[in-house]
Amino acid sequence: MCAVPMGTAASVVRSRVELADIVRAHGDGYRRTHRLATVQHRALRAIATCRTAALGGHRETCDHCGAVRLSYNSCRNRHCPKCQTRAKERWLAARKADLLPIPYFHVVFTLPHDLNALAQGNPRVLFTLLFRAAADTLLAFGRDPRHLGGTVGVTAILHTWGQNLSQHLHLHCLVTGGAVATDGARWTASRPSFLFPVRALSTVFRAKYLAGLQRAVDAGQLTFAGGTAELADRRVFTALLGRLRTIDWVVYAKRPFAGPEQVLEYLGRYTHRVALSNDRLVSLEDGVVRVTWKDYADHDRRKVMALAVDEFLRRFLLHVLPRGFMRIRHFGLLANRQRATMVVRCRQLLAAPAPSTVLDAADVIGTLLRRCPVCHVGHWVVVEILPRSLATHGPLPPDSS
């Protein structure tokens with residue numbers, strides 16, 4: 001990999017290359033030469049066929065000017081950069097009803113990179129442990145009478161990538177700036193700019209995660225192969241745990257949000273983000289993909305990195321989650337089983353009115369997309385359903401996006 005700052009002579013002019021173009025051009029070759037999990041095969045196939053005739057679609061006519069267009073169906077795969085907008089907006093609309101008129105804190109829990117190889121072979125186990133250890137840590141601090149003495153609310157979002165698409169396993173947690181007492185009789189607010197001591201959070205998080213990892217290996221839940229094969233030896237695994245206990249685990253808290261509107265804006269940036277958005281792709285030329293990235297170690301400078309296409313696909317596929325794995329989870333007073341009743345109770349304790357009903361943003365987007373861009377008056381009306389294309393050879397039809 002090589003990297004250069006954007007704007008230098010070595011920079012390149014951005015083109016219209018998209019992730020789907022790269023997958024269509026090189027995905028089959030990569031699959032033939034690399035061993036992939038079923039979910040990775042499905043992700044590549046979905047991205048390659050998204051909004052093409054392979055998935056079917058419909059023909060539409062404007063009910064005012066008579067313009068005609070073909071619109072192909074989306075793959076709706078959660079790793080596809082084109083298919084997240086409506087899902088994100090619907091999720092945000094649902095969460096708006098849960099927001100309280102209080103400060104919220106952003107706390108990030110990061111796993112040491114020493115665990116990356118183990119996570120690649122056991123993603124479901126290690127990711128679940130990350131959720132559980134982080135949530136248990138926050139809930140334990142919230143219940144401690146030295147802090148809040150009650151139950152906080154936590155929304156946790158898993159991200160597995162860094163800016164350069166390398167594996168960087170971390171959890172973004174949105175935490176209520178206060179807690180409801182165990183008996184539900186009172187609300188205790190946190191200090192305006194302080195939730196919990198970060199170093200103490202890190203120590204407890206590390207202990208909880210490593211204890212969970214030990215239980216997982218004792219229960220035979222971990223698979224050791226390839227680069228982690230030696231960990232099947234209990235002495236080697238114990239030595240790994242010992243090393244992990246001696247290093248600092250990164251936990252940091254950002255400044256609290258000013259209000260619910262800022263919380264929603266934040267959530268919109270993180271909830272349905274995928275490892276790579278199309279607007280970061282610069283070019284695909286001679287088997288080399290050029291991608292923009294932000295170098296946090298160099299004062300957040302934006303740079304361009306060049307990756308061989310196989311390395312680019314390898315990095316992208318690191319971030320394909322196990323099938324059915326929930327990457328957004330709620331804990332404490334926001335846990336699914338009690339969220340509705342707990343939010344109502346918190347509003348009562350805070351003397352806060354119920355949230356106003358708002359139009360679903362996803363429906364607003366859908367309405368705008370149905371507006372004819374030719375005459376700006378009429379709306380698209382479906383006049384014909386186009387079946388899926390069964391062709392499996394030759395290039396895919398043009399993308400209708």
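Residues numbered from 1 in each chain as written. Predicted model: local features only at pLDDT ≥ 70, side-chain atom pairs only at ≥ 80, totals over all residues. Heavy atoms only, no water.

### Examining the overall build of the protein chain
Here is step 1: Along the protein chain, the regular secondary structure elements total eleven helices and 14 strands.
Here is step 2: Within the span of the protein chain, comprising 401 residues, buried residues form 47% of the whole.
Here is step 3: Summarising the internal contacts of the protein chain: among those between residues at least 6 apart in sequence, 73% fall at separations of at least 24.
Here is step 4: With the model as given, the accessible surface of the protein chain reaches about 20300 Å², and the carbon-plus-sulfur share is 53%. (Helix = DSSP H or I, 4+ residues; strand = E, 2+ residues; numbered from the N terminus. Buried < 20%, exposed > 50% of the residue type's maximum accessible area, 1.4 Å probe, protein only. Contact = heavy atoms within 4.5 Å. Areas by Shrake-Rupley, 256 points an atom, 1.4 Å probe, with all protein chains shown as cover.)

### Thoughts on the sheet that holds strand β2 (residues 57-62)
Here is step 1: Pairing within the open sheet is antiparallel, and its three strands lie in the order β3-β2-β14. The strands lining the two open edges of the sheet, one partner per strand, are β3 (68-72) and β14 (380-386). Looking at each pair of strands side by side, their axes are set apart by 30° on average, direction ignored.
Here is step 2: Where β2 meets β14, six bridges bridge the pair, whose relative direction is antiparallel. Bridging across to β14, Gly 57 finds its partner in Leu 386. (Pairing = 2+ DSSP bridges. Axes fitted to C-alpha atoms, helices over the stretch in contact; angles between N-to-C directions.)

### Considerations on the environment of Val 204
Here is step 1: With respect to the helices and strands, the residue Val 204 is situated in helix α6 (residues 198-218).
Here is step 2: Classification of Val 204 as partly exposed rests on a relative accessible area of 27%.
Here is step 3: Excluding its chain neighbours within four sequence positions, the residues that come into contact with Val 204 are Thr 137 and Phe 141.

### As for the side chain of His 319
Here is step 1: Note on placement: His 319 falls in the loop between α9 (309-317) and β13 (328-332).
Here is step 2: Judged by its relative accessible area of 4%, His 319 falls in the buried class.
Here is step 3: Within the structure, the side chain of His 319 is placed 2.8 Å from the side chain of Thr 160, a separation counted as a polar contact.
Here is step 4: His 319 has contacts with His 79, Thr 160, Trp 161, Leu 165, Ser 166, Gln 167 and Ala 275, leaving out every residue within four places of it along the chain. (Polar contact = N/O pair within 3.5 Å; in protein donor to acceptor, adjacent residues only side chain to side chain.)

### Some thoughts on the side chain of Thr 110
Here is step 1: Tracing the sequence through the fold places Thr 110 in strand β4 (residues 104-110).
Here is step 2: The buried category is assigned to Thr 110, whose relative accessible area is 8%.
Here is step 3: Each residue touching Thr 110, except ones within four places of it in the same chain, is listed here: His 168, Leu 169, His 170, Phe 205, Trp 249 and Val 250.

### A word on the sheet that holds β13
Two pairing modes exist for strands in a sheet, parallel and antiparallel, and in both the strands are linked by backbone hydrogen bonds.
Here is step 1: Taken in spatial order, the five strands line up as β9-β4-β6-β5-β13 in an open sheet, and their pairing is antiparallel. A strand with exactly one partner marks an edge of an open sheet, and here the two such strands are β9 (251-254) and β13. Strand-to-strand twist in this sheet, taken as the mean axis angle between neighbours without regard to direction, amounts to 25°.
Here is step 2: In the sheet, β4 pairs with β9 via four bridges, with the strands oriented antiparallel. Within β9, the position partnered with Val 107 by the bridge is Ala 253.

### Some thoughts on the packing of aromatic side chains
The description of an aromatic ring pair uses the distance of the two centres, along with the angle that the planes make with each other.
Here is step 1: One pass over the structure, following the stated rule, counts eight aromatic pairs.
Here is step 2: Geometrically, the ring pair formed by Phe 141 and Phe 196 is tilted, given 5.6 Å between the ring centres and 50° between the ring planes. Taken together, the positions of Phe 141 in helix α5 (residues 123-143) and Phe 196 in the loop between β8 (187-189) and α6 put the pair 55 residues apart, joining distant regions of the chain. Side by side, Phe 141 and Phe 196 carry an identical accessibility label, which is buried.
Here is step 3: Between Phe 224 and Phe 237, the aromatic rings sit 6.0 Å apart at their centres with planes inclined by 65°, giving edge-to-face as the arrangement. With Phe 224 in the loop between α6 and α7 (234-246) and Phe 237 in helix α7, this residue pair connects regions lying 13 residues apart in the sequence.
Here is step 4: In this structure Phe 237 comes out as buried when scored by relative accessible area, which is 0%.
Here is step 5: Here the aromatic cluster, defined as three or more aromatic residues joined through ring pairs, consists of Phe 109, Phe 205, Tyr 209 and Trp 249.
Here is step 6: Directly above the aromatic system of Phe 131 lies the positively charged group of Arg 329, at a separation of 4.5 Å from the ring centroid. (Phe/Tyr/Trp six-rings, centres within 6.5 Å; stacked < 30°, edge-to-face > 60°. Lys NZ or Arg CZ within 6 Å of the ring centre and 35° of its normal.)

Distances and angles like these do not, on their own, reveal function.
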